Amino acid sequence: MNTSPEKTPAQRPEQRPEPSLARTPALERLLGRLRGNLVRAALQSGLGLALVALAAAAAFAFLADYALAVPRGVRLWHGLLIVAAPLVAGWRYGWRHLAAIPSRARLALLAERADPHAEQLLVSAVDFQSRGDGLDAGLERALVDRVLERAEARAKTIDLTPILDRRGPLSRLGLGAASVLLVATSFALHPAHGATFWNRLLGGDQPWPNATVLYLEIPLPEATARVEPLGERGLSVEVARGTDVPVVVRARGKAPREVELDFGAGRRVSVARLGAGEGRQATYRTVLRGVQEDSEFAVRGGDDSSGAARVRLRVLQPPEIVGLALLVTPPAHTGLAPEQVFDRGTRVVAGSRIAVALRTEPKDVAGRARILPADTTVDLAPRPFPGADELEGLGFEFTANESVRLRFELSDSRGLGNPDPGLFAIDVVPDRAPELEQIAPTRVELETGARGAVALRVEARDDFGLVRFGWRAREAAAEEWTHGADFPLAGDTPRQAFGGLRLDVASLAAGQAPAAAPAGDAAAATATTGETAGALVGSQFLLEAFALDNATPAREGKGPGVRVRVLADDELLRRVQERLGRARAQAAALMQLQRDRRTRGEELLVELEDAVGLEPGDARAVTSALNGQRRVEADAESLLRELVGVVELAVYARLDPSAEHLLDELDGLLAKSASRSFQLEPWRAFLERPPGTAGASTGFATHLISLAAIGLDVRQGGAAAATQALEAAQGATELGARRQHLARALAEQNRVLLRLEDLLERLSEWDDFQSVLTQTREMLERQRALRERTREAANR
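Residues numbered from 1 in each chain as written. Predicted model: local features only at pLDDT ≥ 70, side-chain atom pairs only at ≥ 80, totals over all residues. Heavy atoms only, no water.

1. Here's the deal with the overall build of the protein chain
Inference 1: A tally of helices and strands in the protein chain yields 17 helices and 28 strands.
Inference 2: Each of the 796 residues in the protein chain was classed as buried or not, and the buried ones make up 43%.
Inference 3: The long-range share in the protein chain, meaning contacts at least 24 apart out of those at least 6 apart in sequence, stands at 72%.
Inference 4: Accessible surface for the protein chain amounts to roughly 42,100 Å². Of this, 52% is attributable to carbon and sulfur atoms. (Helix = DSSP H or I, 4+ residues; strand = E, 2+ residues; numbered from the N terminus. Buried < 20%, exposed > 50% of the residue type's maximum accessible area, 1.4 Å probe, protein only. Contact = heavy atoms within 4.5 Å. Areas by Shrake-Rupley, 256 points an atom, 1.4 Å probe, with all protein chains shown as cover.)

Given below as structure tokens:
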């Protein structure tokens, strides 16, 4: 409600004193309530707008100073504004309204607006009573009383609510209170900002607190750096030259998007943020790599651009290694001479004694060596440096039993350490135990007869020397070795040695010292084994070779060994028959393959007879024929190995008692072999020996040897010769030469087929012979069993 008059009180004429309304008390109370409401509304409006002005002036002064950092004079004017603004607003919207509250007559006129039917009774009643008795003298008393009565009655019924708007003053008062409360709450939530604002408003120069405050950390160990405070948030750092200096910046408050290291002269380095941070704190990190000179930098980010967080970096010359010497003394048994190594790591034998010497700059330093990966430390003691006796150094000694890495940590009189301790590798080569290669037997399990023999041939090698090389044997069920002997060594400590012997199985069980059976003494060996043949069947023996090196203590190496299983002669014959059956299947398959290759060769030769010159297609056809023949040659070698394996089994198992001389001869030839792989030369010498060799027999073993000889002829004579002829045909540059080589290849292939037919025929005869032997053996076994049952029945 606007109660402002059109003229100020100074412009209005002088008013008379307010009369007493004793004759109309209801009217007086009504006008009193109206005046009170007007006074209350003026006070509420004035106070509310004064509070709004106060809050607005304070907010303006705060924002202006916080954003622009205005000078002190402007801040003083802002203080006057904060004082004057509420006074002006209170005077303009409060005091003036109080002074403009109307008289009773006008209040009565205002009250009549609440009742359209008042007929100016309230104004008349106020006017009649303001004139007093002098006015009533000329009027009729009854008329005046009537007006007063009606006005009194009307005053009792008038409701002032329609003419008064209480919401406006109350809203102004609420707005003022809310404004002041908002400003006060803001200062309460940010007391540092509030205190700084009032300090600056009253003439102080206290700086505003930043939304972002940066703090510095240099996380370096004390051994490599000296870090001291510098000012409020700065650091003074002394580090060794070449040190990597990590810089950690922690931002409290509002985390800036970017933090930089300002080195001056336009050089800035961005610092990466680590993660999202916790709460109102963020972390930034970077590393100054290998610092070489003094520098100074400030950290800036967000609104913290004062440079208070700064680092003064001083680079010092650190102690360093200028020379390294390693004196390596290998173990005595290696026979190696001592060695000196400078400024690098080395490779040594396990057990070597190593003397380490360092030359440092400056000389008066202390330190320790860290041995990795065990991570143990050894203090460095004064020690002369090799080659420069006048220069004292540091060092220590140790025995290298495993590969290590040496790191040297130095510190000078200032407590400054070397930033790059270096890493020197010493690789230790272990002194391995002797290595043994078992040349024969090639398998770890071997089957033989009770009168059989086992050929053991072994090669031993060691890094630095062998002091013992031998063999040992025992029954499989026993825990201790019961037999054994040493092989002779060439020299004191040779690094390589060969050993071999032939062991009679029967002598292992009889407790005799096994030895190679000399040639021509087959009868004695057979007699010895015949006494224990029955008891040996089913026995198992373990046989292995061993070697000791010259280390202290000596290391032992062992071969894979062999498990010898003793079978009955009948069982061994079944093994021979099974292997010959496999050989027969291989021979049949090889014969079919060779026929196919021969057919293709004949077709190729016919094509060449009709040709007038060499063509590219002919070369491809010859290459295809050559590849097929190479497969034939490989299968022929597999067949030969199967046949000689049968011969070796029968001869060493002594299945043919009359072929002892063959065992001596074969064992002597195979003993010359120094490889585990199949060697053709010893078998060629054995199978191609003259038929009239002394002591030759025509028994079981000789028959098997004749089968193996056919296999040798197939592999060496026919298949290999056919392959050579086809290779010559492939390389021929003339048509005639190619025809000639192809014809020779066909002839060799026909020879292979003829020999395979002969082999298959003999294998068939062997099967028939073995069938008769098997049936006869079964008949004898049944008769023996019948006699045993008859004897048992008679004894009852």
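2. Here's the deal with the sheet that holds strand S25 (residues 496-504)
Inference 1: Spatially, the three strands line up as an open sheet ordered S20-S22-S25, and their pairing is antiparallel. Across the chains shown, the open sheet's two edge strands, defined by having one partner strand only, are strand S20 (435-440) and S25. Sheet twist, expressed as the average angle between the axes of neighbouring strands with direction ignored, equals 20°.
Inference 2: As defined by bridge partners, S20 adjoins strand S22 (residues 453-461) across five bridges and the pair is classed as antiparallel. Paired with Leu 436 across the bridge in S22 is Ala 460. (Pairing = 2+ DSSP bridges. Axes fitted to C-alpha atoms, helices over the stretch in contact; angles between N-to-C directions.)

3. Describing the nonpolar core
Inference 1: Formed by 53 residues in total, the largest nonpolar core has its most connected members in Val 576, Leu 580, Phe 686 and Leu 704.
Inference 2: Broken down by secondary-structure element, the contributors of at least two residues to this core are S22, helix H12 (569-610), helix H13 (616-652), helix H14 (660-670), helix H15 (680-687), helix H16 (700-731) and helix H17 (735-795).
Inference 3: With twelve residues, the single largest contributor to this core is H13.
Inference 4: Each residue touching Leu 704, except ones within four places of it in the same chain, is listed here: Val 576, Leu 580, Val 646, Val 647, Ala 650 and Trp 766. (Core = buried A, V, L, I, M, F, W, Y, C linked by side-chain atoms within 4.5 Å.)

4. A closer look at H15
For an α-helix, 3.6 residues make a turn, and residues three or four places apart therefore share a direction.
Inference 1: With six of eight residues buried, H15 is to be regarded as a mostly interior element.
Inference 2: Where H15 is concerned, the buried positions are Leu 680, Pro 682, Trp 683, Arg 684, Phe 686 and Leu 687.

5. Examining the pattern of salt bridges
Inference 1: For the structure shown, the criterion picks out 48 salt bridges.
Inference 2: The salt bridge partner of Arg 353 is Glu 397, with a shortest N-O separation of 3.5 Å. With Arg 353 in strand S13 (residues 352-361) and Glu 397 in strand S17 (residues 388-400), this pair connects stretches of sequence that are 44 residues apart.
Inference 3: When its relative accessible area of 37% is taken as the criterion, Arg 353 is described as partly exposed.
Inference 4: A salt bridge links Arg 654 to Asp 504; the shortest N-O distance between them is 3.2 Å. Here Arg 654 is found in the loop between H13 and H14, whereas its partner Asp 504 is found in strand S25, with 150 residues between them in sequence.
Inference 5: What you see here is one network of salt bridges that share partners, running through Asp 713, Glu 748, Arg 751, Arg 755, Asp 758 and Arg 762. (Salt bridge = Lys/Arg side-chain N within 4 Å of Asp/Glu carboxyl O.)

6. With respect to the sheet that holds strand S12 (residues 346-349)
Inference 1: Across the sheet, five strands lie side by side as S12-S19-S18-S14-S15; this open sheet has mixed pairing. At either margin of the open sheet sits one strand with a lone partner, and together these are S12 and strand S15 (376-379). Across this sheet, the average inter-strand angle for adjacent strands is 25°, counted without regard to direction.
Inference 2: In this structure, strand S14 (residues 366-372) lies alongside S15, joined through four bridges in antiparallel fashion. Following the sheet pairing, Arg 370 is matched in S15 by Thr 377.

7. Notes on the side chain of Ser 179
Inference 1: Locating Ser 179 in the fold gives a position in helix H7 (residues 167-189).
Inference 2: For Ser 179, the side chain forms a polar contact with the main-chain oxygen of Leu 175, separated by 2.8 Å. (Polar contact = N/O pair within 3.5 Å; in protein donor to acceptor, adjacent residues only side chain to side chain.)

8. Considering the environment of Ala 155
Inference 1: Note on placement: Ala 155 falls in helix H6 (residues 141-157).
Inference 2: Judged by relative accessible area, which is 3%, Ala 155 ranks as buried.
Inference 3: Between the C-alpha atom of Ala 155 and that of Ala 26, which follows or precedes it by 129 residues, the distance is 5.9 Å.
Inference 4: When sequence neighbours within four positions are dropped, the list of residues in contact with Ala 155 reads Ala 26, Leu 27, Leu 30 and Leu 122.

9. Focus on unusual backbone geometry
Inference 1: Between Glu 361 and Pro 362 the backbone carries a cis peptide bond, its omega angle lying at 0°.
Inference 2: Here Pro 362 lies in the loop between S13 and S14.
Inference 3: Cis geometry marks the peptide bond from Leu 372 to Pro 373; its omega dihedral reads 10°.
Inference 4: Tracing the sequence through the fold places Pro 373 in the loop between S14 and S15.
Inference 5: Positive phi values are uncommon outside glycine, yet Ala 265 reaches one of about 55°.
Inference 6: Tracing the backbone through its elements, the reader meets Ala 265 in the loop between strand S5 (259-264) and strand S6 (267-278).
Inference 7: For Asp 375, which is not glycine, the phi torsion reads 60° and is therefore positive.
Inference 8: If you trace the backbone, Asp 375 turns up in the loop between S14 and S15.
Inference 9: For Asp 375, a relative accessible area of 45% gives the class partly exposed.

10. What about the packing of aromatic side chains?
Inference 1: Taken as a whole and assessed by the stated rule, the structure comprises twelve aromatic pairs.
Inference 2: Ring geometry for Phe 187 and Phe 197: centres 5.5 Å apart, planes at 25°, overall stacked. On the criterion of sequence distance, the pair formed by Phe 187 in helix H7 and Phe 197 in helix H8 (residues 191-201) is long-range, its members being ten residues apart. Each member of the pair, Phe 187 as well as Phe 197, carries the same accessibility label: buried.
Inference 3: Ring geometry for Phe 263 versus Phe 297: centroids 5.0 Å apart, planes at 45°, classification tilted. Of the two residues, Phe 263 sits in strand S5 while Phe 297 sits in strand S8 (residues 295-301), which places them 34 residues apart along the sequence. Exposure class is identical for Phe 263 and Phe 297. Each is buried.
Inference 4: Joined through ring pairs, the aromatic side chains of Phe 62, Tyr 66, Phe 187, Phe 197 and Trp 198 make up one cluster.
Inference 5: Between Arg 267 and the ring centre of Phe 263, over which it is positioned, the NZ or CZ distance is 4.1 Å. (Phe/Tyr/Trp six-rings, centres within 6.5 Å; stacked < 30°, edge-to-face > 60°. Lys NZ or Arg CZ within 6 Å of the ring centre and 35° of its normal.)

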